[in-house]
Amino acid sequence: MNPTPSIDRILPEVILTLTGVAVMLLDASLKPAWPRRPLGWLAAIGTTLALWASLWQLSLPEGAGFFGTVETTTFTVFFHVLICGIVLVALLLSLDTLPPDSHHQGEFYALVVFGAVGMCLLTSAIELLVVFIALEISSISTYILAGYRKQTGRSPEAAIKYFLLGSFATAFFLYGIALIFGATGSTQVYEIAHLASTAQNHALVVIALAMLLVGILFKVSAAPFHIWTPDVYEGAPSPVVALLSTGPKAATFALLLRILYEAFPALHSLWAPLLWVVAVLSMTIGNLAALRQQNVKRMMAYSSIAHAGYLLAAFAGIGSIGIAAASFYAAAYAAMNVGIFAVITLVSGYDEKYPMIDDFRGLVYRAPLLGCVLIFFLISLIGVPFTGGFFGKFYSFSAAVDGGALALAIVGLLNSGLAAAYYLRLAAVAAQRPSDEANRAAVPKPQVGVAVSAALLLSVAATLVLGIVPNGVLRAAQSGAHTLQVPGQPTDPPSAAAAVTVEMPPKP
Amino acid sequence: MSFHQDVPLAWYLLLSAALFSLGVIGFLIKRNLITVFMSIELMLNGVNLSFVTFAHQWHAVKGQIFVFFVMMVAAAEAAVGLAIIIAVFRTRATLAVDRIDLMKL
């Protein structure tokens, strides 16, 4: 047992928490008339610092801290960097698109940062109590954010649907934890891995895993548990959807990887077929429903269900191959989805007067650069080579083939073809020359500010890098997969090594 | 005669499962937002009973600590949930689940 708390193991979370508290306190103490926009920049700076802190954690020896409740490995650093990047883009996007006179703007930034704390902690927690707390920190923040435009009818409706179904899922997750605690007497992931295979009551372990899966699959909006997604994405403010369609999802997929591959590798023969079915259902239902949508946000909601399916296909892969493919897909999906929601926010406006597909008509002529960016993200979502979406799908499906699930890969490819139909429809509408002047006058030209340009640039660059030179990211995902694969001792942080790392200077 | 041996642990677990199931059923069939929300609280309390029972079975204090955290989180959730319900009521003037239907498939 490690006597020192080893605060360096949770440094990014500490920085994010301090930033969030600072933003909240400043918001409360500043005069009401003063602008709250600088608080958004403060939040963005804090998130950037947290990103650097995550990278710095690579210089620590891998292992656990805080009495075996959190750990830092390449896997956690990979997801920390991803989540901090997503949150940074979402903050930059909100900086330019939230109306400057809106009340509680400071709270908005604080909640985004607090949500980031939960998501980051979720990826590094190895004790189910911490997992539960982290899940709730991220969920409760996003429930509030979903209802941020509370004067309208739709935003509170989205928030209440998200809240009720999210809490329902959390209760299942919690019951799963209780049952696994009953079956093994432990709630630590590595201990569970050791004890689950020898547990006397095998049925209890199986039921516990089923409950945990119900809770997690709800959160990632996989198919039988996806009903909340379209309504929440349609009703919540677009900058918030940019965050909650990517950040919590990436974090929850990291949790799913950890629970399945680290806590329950013994039950692989049980959960692999289950996820096979869920993957097929998610892809097919998501794509078929997306085909008939007229609202772009709703269409993207179904598209995100389908993408959850593509990602789950990677879970058919064996061990580290599957983990690496899933991690890579999470990064590629996050890059293009956060980007496309930035474009949607700009076009439809904060008050969402123009969310329909028809409102995107002639976007390439109204705002040439923005239109091209939209088409680029759509191409990446289809999975055309030289974009992040292509390699994401490529690795995911080849992991499935590698794991012997050829049928799953074929269903995935067929679905990608199906998905191209609605992505191309939006791209074609955007590239169409507006026929009548009335239509062109109806939808105003989007205002692109500095912060949102930076957000778009970041997500375009990330999508391009993942598509042209995916090797670096893939190698990071693979080394992360190896650290997740090798289960350490139950409580092993060597106190001597931890003491040395406290004094270690940060890497230049 | 010791009282704590009179009731087998399995009974507590069955009661906990029953509470959880009642919560699930209430969540699915009730048509008032407040009642639906109360059903979730019932589910959480069912889980808490399981934690306490298992903590007794394993002689591990971990399970009981878990209960405190669950209660704390449930309180935070209730604060946010009720605030959202108020926001819904202000814009829609109803708490009926069937009438909160601006967005449909």
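The structure under discussion appears in the preceding block.
Here's what I pulled together on the structure shown here. (Residues numbered from 1 in each chain as written. Chains lettered and ligands numbered in written order. Predicted model: local features only at pLDDT ≥ 70, side-chain atom pairs only at ≥ 80, totals over all residues.)

## Focus: the overall build of chain A
Line of reasoning, step 1. Secondary structure summary: chain A contains 22 helices and 2 strands in total.
Line of reasoning, step 2. Relative to the globule expectation of 23 Å for 508 residues, the C-alpha radius of gyration of chain A, 22 Å, shows essentially globular dimensions.
Line of reasoning, step 3. In terms of its C-alpha atoms, chain A occupies a principal-axis envelope of roughly 70 × 60 × 40 Å.
Line of reasoning, step 4. Out of the 508 residues belonging to chain A, those deemed buried represent 64%.
Line of reasoning, step 5. Across chain A, contacts joining residues at least 24 apart in sequence account for 80% of those joining residues at least 6 apart. (Helix = DSSP H or I, 4+ residues; strand = E, 2+ residues; numbered from the N terminus. Rg over C-alpha atoms; globule rule 2.2 N^0.38 Å. Buried ≥ 20, exposed ≤ 12 C-beta atoms within 10 Å, placed from the backbone. Contact = placed C-beta atoms within 7 Å.)

## So, the interface of chain B and chain A
Line of reasoning, step 1. Tallying the contact residues gives 33 residues for chain B and 30 residues for chain A.
Line of reasoning, step 2. Among the elements of the structure, α1 (9-29), α2 (33-58) and α3 (62-92) of chain B are those that each provide at least two residues to the side of chain B that touches chain A.
Line of reasoning, step 3. Examining the composition of the side of chain B that touches chain A, we find that 16 residues originate from one element, α3 of chain B, more than from any other.
Line of reasoning, step 4. Of the residues assigned to the side of chain B that touches chain A, the class counts are 25 nonpolar, 5 polar and 3 charged. (Nonpolar A, V, L, I, M, F, W, Y, C, P; charged D, E, K, R; others polar.)

## So, the environment of V205 of chain A
Line of reasoning, step 1. Tracing the chain through its elements places V205 of chain A in helix α8 (residues 202-219).
Line of reasoning, step 2. Those residues in contact with V205 of chain A, other than ones at most four positions away along the chain, are I180, A183, A196 and A199 of chain A.

## Looking at the packing of helix α3 (residues 74-97) of chain A against helix α14 (residues 319-348) of chain A
Residues and elements named next belong to chain A.
Line of reasoning, step 1. Here α3 crosses α14 at 0°, and the two axes come no closer than 11 Å. Classified by the angle their axes make, α3 and α14 are roughly parallel. Each of F78, L82, I86, V89, A90, L93 and T97 in α3 lies in contact with α14, whose residues at this interface are S327, A330, A331, A334, V338, A342 and T345.
Line of reasoning, step 2. Residue composition of the contact of α3 with α14, grouped by class: 11 nonpolar, 3 polar and no charged. (Axes fitted to C-alpha atoms, helices over the stretch in contact; angles between N-to-C directions. Parallel < 35°, antiparallel > 145°, perpendicular 65-115°, else oblique.)

## Let's talk about unusual backbone geometry
Line of reasoning, step 1. Although it is not a glycine, E352 of chain A sits at a positive phi angle of roughly 55°.
Line of reasoning, step 2. Among the secondary structure elements, E352 of chain A is positioned in the loop between α14 and α15 (363-366).
Line of reasoning, step 3. Since 19 C-beta atoms lie within 10 Å of it, E352 of chain A is described here as partly exposed.
Line of reasoning, step 4. Its identity is not glycine, yet H59 of chain B carries a phi of approximately 55°, on the positive side.
Line of reasoning, step 5. Looking at where H59 of chain B falls in the secondary structure, it is placed in the loop between α2 and α3.

## Observations concerning the packing of helix α4 (residues 105-124) of chain A against helix α5 (residues 128-146) of chain A
Residue and element names in this part refer to chain A.
Line of reasoning, step 1. Between α4 and α5, whose axes approach to 8 Å, the crossing angle comes to 155°. Relative to α5, α4 is oriented roughly antiparallel. Here α4 and α5 pass one another in a crossing that is left-handed. On the side of α4, the interface is formed by L111, V112, F114, G115, V117, G118, M119, L121 and L122, while α5 contributes V130, V131, A134, L135, I137, S138, S141, T142, I144 and L145.
Line of reasoning, step 2. Residues of the contact of α4 with α5, tallied by class, amount to 14 nonpolar, 5 polar and no charged. (Left-handed = near helix turned anticlockwise from the far one by under 90°.)

## A few points about the nonpolar core
All names here are of chain A.
Line of reasoning, step 1. Core analysis: the biggest nonpolar cluster contains 224 residues, and I83, V112 and Y329 have the highest contact counts within it.
Line of reasoning, step 2. For this core, the element with the most residues is α14, which contributes 21 residues.
Line of reasoning, step 3. Filtering out sequence-adjacent residues up to four positions away, Y329 remains in contact with Y310, L311, A314, G392, Y395 and S396. (Core = buried A, V, L, I, M, F, W, Y, C linked by C-beta atoms within 7 Å.)

## Notes on the environment of A342 of chain A
Residues and elements named next belong to chain A.
Line of reasoning, step 1. By secondary structure assignment, the location of A342 is in helix α14.
Line of reasoning, step 2. The class for A342 is buried, based on 31 C-beta atoms found within 10 Å.
Line of reasoning, step 3. Each C-alpha atom, one on A342 and one on A90, is 8.1 Å from the other, the two residues being 252 residues apart in sequence.
Line of reasoning, step 4. In contact with A342, not counting residues within four places along its chain, are L93, A242, V452, A455, L456 and S459.

Interpretation in functional terms is not warranted from these geometric data alone.
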